[in-house]
Amino acid sequence: MFKKFPPHTPLILGLGSGVALFTLTSLFLFHPKLLAWLDRNSASVPSQDPNQPSAVVDSASLPQTERDVKLKDVADANAASLDRSRARYLLAMDLLRKYEGGPALKQLEGLEKQYPVLAPQILLKQGRAQELSNDSERAREIWQKLIKTYPQSPVVAEAYYSLGKYDPSYHEKLLKEYPRHPRTLALIRQRLQENPDQFPLWLQLAKANPFDPTLNQARDRLVKDYAEQLTPADWAMIGAGYWQSGLYEKAYKAYAKATPSPEQAYRYARGLQIAKKLPEARSAYQKLIKTYPQAPETGLGLLRLAQISPNRDAIAYLDRIVKQFPDRAPEALEAKAKLLNSTNAQAASQTWQTLLNKYPKSDEAADYRWLMAQRAAKSGDYAKAWQWAQPIAVNNPDSQTAPKAAFWVGKWAQKLGKNQEAKQAFTYTISRHPHSYYAWRSAVLLGWDVGDFTTVRSYNPTTVKPAT
């Protein structure tokens, strides 16, 4: 009866150490303090466009033995250059992976001045090389220099972690100043493995990332063993983590104890609905509507409530959405028209027309146009099908319906003898939706050499691979 509304789609944020550290480091590279420092030291930076062809980049995918030979040739060059700095850095990384601290130090010596963009990372690796060379005192000095020189860099967290092996106070700084850093989470897990009964660490772990399903273990532990110590804000955080992981039953139970808010009220009601507790869900949605009448979540809540209400009540809720939440109006009009289809065809038709007139650029309008076009085509009325589908490309060019609608506008134009219009439709489909299945279908009908349904399996086009 209604379109299925998926739960809020999370913006997935990976917490893998490599991805997180790379992302944080990339953001730091544009920090004003670093940019100012680069300006002051620009004389030491090799002048080379980083987008120009690079021997180092070209060799990146080679086997390590062959790659090392090429890197050494570049690293041993007399003149300073960006490629020379790149080569020295990569060679040092390979040596550190083999625990060869002394040779790595030779590659890293003074490199932070020649390659300032990676200066924090270079200092971090210099410390590691000193450590491998059994000079832990010098290693600590370098890491402390890194912290003092680049206090805004996320690489400081790595320095804290390394220094913590010699002075535990640095691990406490890591926990406090970088609560969500991958090194921090590794340290927390290590401590919990040694002693699981540590409520503050379980709480910090659960707070680290609401989008990480691997942290549900921490949430489960908090709910099971520390429920009495949790605040309403903690319950909201736990509910959000479960919600983003798709564990809606656990989520609504957490949200029942969470800090009141429009989001909390909506998710609590929605969780009950998903759990098939419909009377409780209706009551929760009514509370959301009464408590937060103007909140955006209330518009979505009214849509959900209409799904589980008798038709008469549902239509009243949908009418309220149209009047009060214009951003949800197309969805409400579509749902209302579908409800009326079985009881009042004239009212349903008027509702569809309101959708087309007031919200012609909505996805719901595109879906209805496509439905009517298909019905007309099925009955053999290609002129009517063409008329229904043609506005989709104009009003809804980026909708999911647009590629197939544009293609079939061309197909129906062919059947009507409108060959020029058909060609224009196929060309438009390729230009606007070049990666779609319908772009390939259009290319076939335009006579392009791309294979068709009978020949594409054996088609072997020539591909030109990029040099790097």
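Undergrad: How would you summarise the packing of aromatic side chains if you had to cite specific residues and measurements?
TA: Within the structure shown, the criterion is met by 16 aromatic pairs. Ring geometry for Y160 against Y170: centres 6.0 Å apart, planes inclined by 35 degrees, an arrangement best described as tilted. Separated by 10 residues along the polypeptide, Y160 in helix α10 (residues 155-163) and Y170 in helix α11 (residues 169-177) bring together distant segments of the chain. What makes Y160 buried here is its relative accessible area of 6%. Taking relative accessible area as the criterion, Y170 reaches 13% and is therefore assigned buried. Seen in terms of ring centroids, Y368 and W388 are 5.8 Å apart; in terms of plane orientation they differ by 85 degrees. Their pairing is edge-to-face. Here Y368 is found in helix α23 (residues 363-378), whereas its partner W388 is found in helix α24 (residues 382-395), with 20 residues between them in sequence. Take Y368: its relative accessible area is 11%, and that puts it in the buried class. Taking the relative accessible area as the measure of exposure, W388 reaches 18% and is therefore buried.

Undergrad: Run through unusual backbone geometry, naming residues and quoting values.
TA: Positive phi values are uncommon outside glycine, yet Y99 reaches one of about 60 degrees. Along the chain, Y99 turns up in the loop between α5 (82-97) and α6 (101-108). Despite not being glycine, N134 has its phi angle at roughly 65 degrees, a positive value. Within the element layout of this structure, N134 appears in the loop between α8 (119-132) and α9 (136-149).

Undergrad: Mind laying out the nonpolar core, listing which residues take part and the relevant values?
TA: Grouped together as the largest cluster of nonpolar side chains are 75 residues, with contacts concentrated most on L205, L222, Y285 and L318. Among the elements that line this core, the one with the most residues is α10, at 7 residues. The next biggest cluster of nonpolar side chains, apart from the first, holds 26 residues, and it includes L333, A365, F407 and V409.

Undergrad: Before we move on, can you summarise the confidence of the model for the protein with the specific residues and values?
TA: In low-pLDDT segments, the atomic positions of the prediction should not be examined closely. With 89% of its residues at a pLDDT of 70 or more, the protein has an overall mean of 89. Ignoring residues within four places in sequence, the model shows residues 1-43, a span with pLDDT below 50, making 64 contacts including any to other chains.

Undergrad: Provide a residue-level description of helix α19 (residues 296-307), including the pertinent values.
TA: With 12 residues, α19 ought to run about 16 Å at 1.5 Å a step, and its terminal C-alpha atoms sit 18 Å apart, in line with that. A large share of α19 lies buried, amounting to 9 of its 12 residues. When α19 is considered as a whole, its buried residues turn out to be T298, G299, L300, G301, L302, L303, R304, L305 and A306.

Basis of the calculations
As a convention, each chain's residues are numbered from 1 in the sequence order in which they are written. Where totals are concerned, whole chains, interfaces and linings use all residues; where local detail is concerned, this predicted model gives features only for residues with pLDDT of at least 70, and gives and counts side-chain atom pairs only at 80 or more. Side-chain numbers here rest on the full set of heavy atoms in the structure, without hydrogens or water. Ring pairs shown here join Phe, Tyr and Trp side chains whose ring centres sit within 6.5 Å, with only the six-membered ring taken for Trp; geometry is labelled stacked below 30 degrees between planes, edge-to-face above 60, and tilted in between. What counts as a helix is a DSSP run of H or I of at least four residues, what counts as a strand is a run of E of at least two, and both are numbered from the N terminus. For each residue, the accessible area found with a 1.4 Å probe, counting protein chains only, is set against the maximum for its type, and the residue is called buried under 20%, exposed over 50%, and partly exposed in between. Think of a nonpolar core as a cluster: buried Ala, Val, Leu, Ile, Met, Phe, Trp, Tyr and Cys residues, connected wherever their side-chain atoms sit within 4.5 Å. A residue's pLDDT is simply how confident the predictor is in it, with values from 0 to 100. In what follows, residue pairs with any heavy atoms lying within 4.5 Å of each other are defined as contacts. Between the first and last residue of a helix there are one fewer steps than residues, each counted as 1.5 Å, and that sum is the expected span.

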